[in-house]
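# Notes for the structure review
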Amino acid sequence: MIAVLLMGSGVAAFVAVLRRRFMLATVTGFSMAPTLLPGDRLLVRRAPLSRLRVGDIVVVVPDARMAGPRARTGYVIKRLAALPGDLVPERVPSPSDAQVPPGWMAILGDNPDVSRDSRDYGLVAEKRLVGVVVRAIAT
């Protein structure tokens, strides 16, 4: 009986650690097509900006600027286009020849015709970062 309780609490502790390090997100729009499509489920590893590279697909919590004309729910999933110290990407609002300041990032959708991203709302604060996409999970 004690062994079963210990094993159960060990499993619960392991699950708690996994939940702090990983999460699942679901793609809802076409801004990352053809890379990601609506309904794709993603395994996301929680990570600070300092551990990411340009080109990673990231998940962020939207702020009021990112909501646009309609209320936004859930997460924003985009490709990391610039890190602190990089030049601000073309068509992202900023002073000319500006570098991305510490604690900020630029994110862009793979499908610019339908994507609301840093070209529309500017740089995104690091505190909005949830993590990096590790892989798509079959549904």
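Residues numbered from 1 in each chain as written. Predicted model: local features only at pLDDT ≥ 70, side-chain atom pairs only at ≥ 80, totals over all residues. Heavy atoms only, no water.

What follows is about the environment of Arg 91. Here Arg 91 shows up in the loop between strand S4 (76-82) and strand S5 (104-108). When the C-alpha positions of Arg 91 and Ser 118 are compared, they lie 8.5 Å apart, and in sequence the two are 27 residues distant. (Helix = DSSP H or I, 4+ residues; strand = E, 2+ residues; numbered from the N terminus.)

Covered by surrounding structure in strand S1 (residues 22-26) are Met 23 and Ala 25 only, the residues Phe 22, Leu 24 and Thr 26 on the alternate face being uncovered. Sheet topology note: the S1/strand S2 (residues 41-46) ladder contains five bridges and is antiparallel. Looking across to S2, one finds that Ala 25 is bridged to Leu 42. (Buried < 20%, exposed > 50% of the residue type's maximum accessible area, 1.4 Å probe, protein only. Pairing = 2+ DSSP bridges.)

Here we come to the side chain of Ser 31. Its location among the elements puts Ser 31 in the loop between S1 and S2. Residue Ser 31 is classed as buried on the basis of its relative accessible area of 14%. Separated by 2.8 Å, the side chains of Ser 31 and Lys 78 make a polar contact. Here Ser 31 is in contact with Ile 77, Lys 78, Gly 109, Asp 110, Asn 111, Val 114 and Ser 115, once residues within four sequence places are set aside. (Polar contact = N/O pair within 3.5 Å; in protein donor to acceptor, adjacent residues only side chain to side chain. Contact = heavy atoms within 4.5 Å.)

Time to look at the environment of Asp 110. Among the structural elements, Asp 110 can be located in the loop between S5 and helix H3 (118-121). With a relative accessible area of 26%, Asp 110 lands in the partly exposed category. Setting aside residues up to four positions removed in sequence, Asp 110 forms contacts with Ser 31, Met 32, Ala 33, Thr 35 and Arg 79.

So, about the side chain of Ser 115. By the element assignment, Ser 115 lies in the loop between S5 and H3. In this structure the side chain of Ser 115 is engaged in a polar contact, spanning 3.0 Å, whose partner is the side chain of Asp 117. Ser 115 has contacts with Ser 31, Lys 78, Gly 109 and Asp 120, leaving out every residue within four places of it along the chain.

This next bit is on the sheet that holds S5. Strand order in the open sheet formed by seven strands is S1-S2-S7-S3-S4-S5-S6, and the pairing between neighbours is antiparallel. Because the sheet does not close on itself, it has two edges, and the strands there are S1 and strand S6 (124-125). Bridge count between strand S3 (residues 57-60) and S4: four bridges; the pairing is antiparallel. Residue pairing across strands places Val 58 opposite Lys 78, the latter belonging to S4.

On to the nonpolar core, then. One finds Leu 52, Val 60, Leu 80, Met 105 and Ile 107 to be the most contacted residues of the largest nonpolar core, which totals 15 residues. Every element with two or more residues in this core is listed here: S3, S4, S5 and strand S7 (129-137). With near-sequence residues (within four places) excluded, Ile 107 lies in contact with Val 58, Val 60, Met 66, Val 76, Lys 78, Arg 79, Leu 80, Ala 81, Asp 117, Ser 118, Tyr 121 and Val 124. Residues Ala 25, Met 32, Ile 57 and Val 133 belong to the second largest nonpolar core, which totals 12 residues. (Core = buried A, V, L, I, M, F, W, Y, C linked by side-chain atoms within 4.5 Å.)

The subject of this paragraph is the pattern of salt bridges. Evaluation of the coordinates by the stated rule reveals three salt bridges. In this structure, Arg 65 engages Asp 63 in a salt bridge whose closest nitrogen and oxygen atoms are separated by 3.2 Å. Residue class for Arg 65 comes out partly exposed when judged on its relative accessible area of 37%. By relative accessible area, which is 16% here, Asp 63 ends up buried. (Salt bridge = Lys/Arg side-chain N within 4 Å of Asp/Glu carboxyl O.)

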